[in-house]
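For reference, the chains in residue letters:
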Amino acid sequence: MPPFNLTSLMPATFILAGIPGMEKLHIWISIPFCSMYLAALLGNAVVLFVIRTERSLHQPMYLFLSMLAIADLMLSTTTVPKMLALFWFSAGEISFGACLTQMFFLHFSFSAESVILLAMAFDRFVAICYPLRYAAVLTPSAVVKTGLVALLRSFCIIFPCIFLLKRLPFCGHNVIPHTYCEHMGIARLACADISINILYGLAVPVAAIVVDVVLIAVSYILILLALFRLPSRTARLKAFNTCVSHVCVILLFYIPAFFTVLTHRFGQEIPHHVHILLANLYVLFPPLLNPVVYGVRTQQIKKKVVKVFICPKNHLLQE
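Residues numbered from 1 in each chain as written. Predicted model: local features only at pLDDT ≥ 70, side-chain atom pairs only at ≥ 80, totals over all residues. Heavy atoms only, no water.

**Observations concerning the state of the cysteines**
And step 1. Under the criterion given, the structure shown has 2 disulfides.
And step 2. Taken in sequence order, the bonded cysteines of the chain link in the pattern 1-3, 2-4.
And step 3. For the unlinked cysteine Cys129, the closest cysteine sulfur is that of Cys243, found at 8.9 Å.
And step 4. Cys161 takes part in no disulfide bond, and the closest cysteine sulfur to it belongs to Cys156, at a distance of 12 Å. (Disulfide = S-S within 2.5 Å.)

Structure representation (structure tokens):
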């Protein structure tokens, strides 16, 4: 009996199949996807530029927003360029290492964004419930430490997935019925027991996200209780208005995420191409809409955008 060749069980490349059953529509699907991606790049770049150049926005709330913009850029840029190459040029081939790298940064940015949203909820909690202590609690050092915690927690949660996948034999199976690499999509190709991958991939990241959601919910319950204690209706509306943008961003981030998880878990009757389309829209919608929500709802950012991009043009015209 010939010796067992382990190297043959590790594929050199994977093939991303795109959206199964909709291959003829890839070009047409790529048009809105590319448009949304370019708009997301522009919107988040404008947010980062305005916060970077305007010293009056160097406050915890806006520094957390800049972290959110960076996470959004990572989330979309990790997946969309390869997705568009697949749609336009049928370039579905991706090396095993590149696939694991894409998987890591996809899940990493998702986890980091969840921590940042939790930090933003805590920021609003302190600002409304303990306004006199706001500057003492949310110092520049605290903001930096929060960013490091987001990076460290996300790394510790997602990095083991790489080893869980590298230990699996694949026996020549290398076609991923998706537009990008994600943990379970790769694991399902293995010709071995993947129960550990299923358990870890579902329990650990979901538990971390659920903890974030619970803490965010607690923060807003305490915020609402504090708002009801304010003396005037005008004061209540003004305080709550500072939270509206963050609440919208939370809903944009978590509702599609939980819907996607639930449909994968319990929606066996939903066509596979619908799952893939939802997964693609998920990496595009939050990066696209978050800058819009904050740009429209936050007066400080709106004024600074006008100051940076509109006023200089008017000044040049006057000259």
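**Overview of the pattern of salt bridges**
And step 1. Per the stated rule, a full pass over the model turns up 2 salt bridges.
And step 2. Asp212 serves as the salt-bridge partner of Arg153, at 2.9 Å between the closest nitrogen and oxygen. Of this pair, Arg153 sits in helix 5 (residues 140-166) while Asp212 sits in helix 7 (residues 195-228); the two residues are 59 residues apart in sequence, bridging distant segments of the chain. (Salt bridge = Lys/Arg side-chain N within 4 Å of Asp/Glu carboxyl O. Helix = DSSP H or I, 4+ residues; strand = E, 2+ residues; numbered from the N terminus.)

**A few points about the sheet that holds strand 1 (residues 13-16)**
And step 1. Ordered in space as 2-1-3, the 3 strands form an open sheet in which the pairing is mixed. Sheet topology places strand 2 (93-95) and strand 3 (175-176) at the edges, where each strand pairs with a single neighbour.
And step 2. Across 2 bridges, strand 1 lies against strand 3 in parallel orientation. Looking across to strand 3, one finds that Ile15 is bridged to Val175.
And step 3. Sheet contacts for helix 3 (residues 96-129): strand 1, strand 2 and strand 3; angle to strand 2, the most-contacted strand, approximately 85°. (Pairing = 2+ DSSP bridges. Contact = heavy atoms within 4.5 Å. Axes fitted to C-alpha atoms, helices over the stretch in contact; angles between N-to-C directions.)

**Concerning the packing of aromatic side chains**
And step 1. In this structure the tally under the stated criterion is 18 aromatic pairs.
And step 2. Relative to Phe170, the ring of Phe14 lies with its centre 5.6 Å away and its plane at 75°, an arrangement referred to as edge-to-face. Taken as a pair, Phe14 in strand 1 and Phe170 in the loop between helix 5 and strand 3 lie far apart in primary sequence, 156 residues in all.
And step 3. Taking the centre distance of 5.8 Å and the plane angle of 75° together, the rings of Phe125 and Tyr130 count as edge-to-face.
And step 4. When its relative accessible area of 14% is taken as the criterion, Phe125 is described as buried.
And step 5. By way of ring pairs, the aromatic residues Phe104, Phe105, Phe108, Phe155, Phe159 and Phe163 are connected into one cluster.
And step 6. Over the face of the ring belonging to Tyr130 we find Arg133, whose NZ or CZ atom lies 5.8 Å from the ring centre. (Phe/Tyr/Trp six-rings, centres within 6.5 Å; stacked < 30°, edge-to-face > 60°. Buried < 20%, exposed > 50% of the residue type's maximum accessible area, 1.4 Å probe, protein only. Lys NZ or Arg CZ within 6 Å of the ring centre and 35° of its normal.)

**Remarks on the environment of Ile128**
And step 1. Take Ile128: it is sitting in helix 3.
And step 2. Judged by its relative accessible area of 14%, Ile128 is buried.
And step 3. Not counting chain neighbours up to four residues away, the residues in contact with Ile128 comprise Ile223, Ala226, Leu227, Ala239, Thr242 and Cys243.

**What about helix 9 (residues 272-282)?**
And step 1. Among the residues of helix 9, His275, Ile276, Ala279, Asn280 and Tyr282 are the ones counted as buried. Along helix 9, the residues classed as buried sweep out an arc of 160° about the axis, all on the same side. (Arc of directions from axis to C-beta.)

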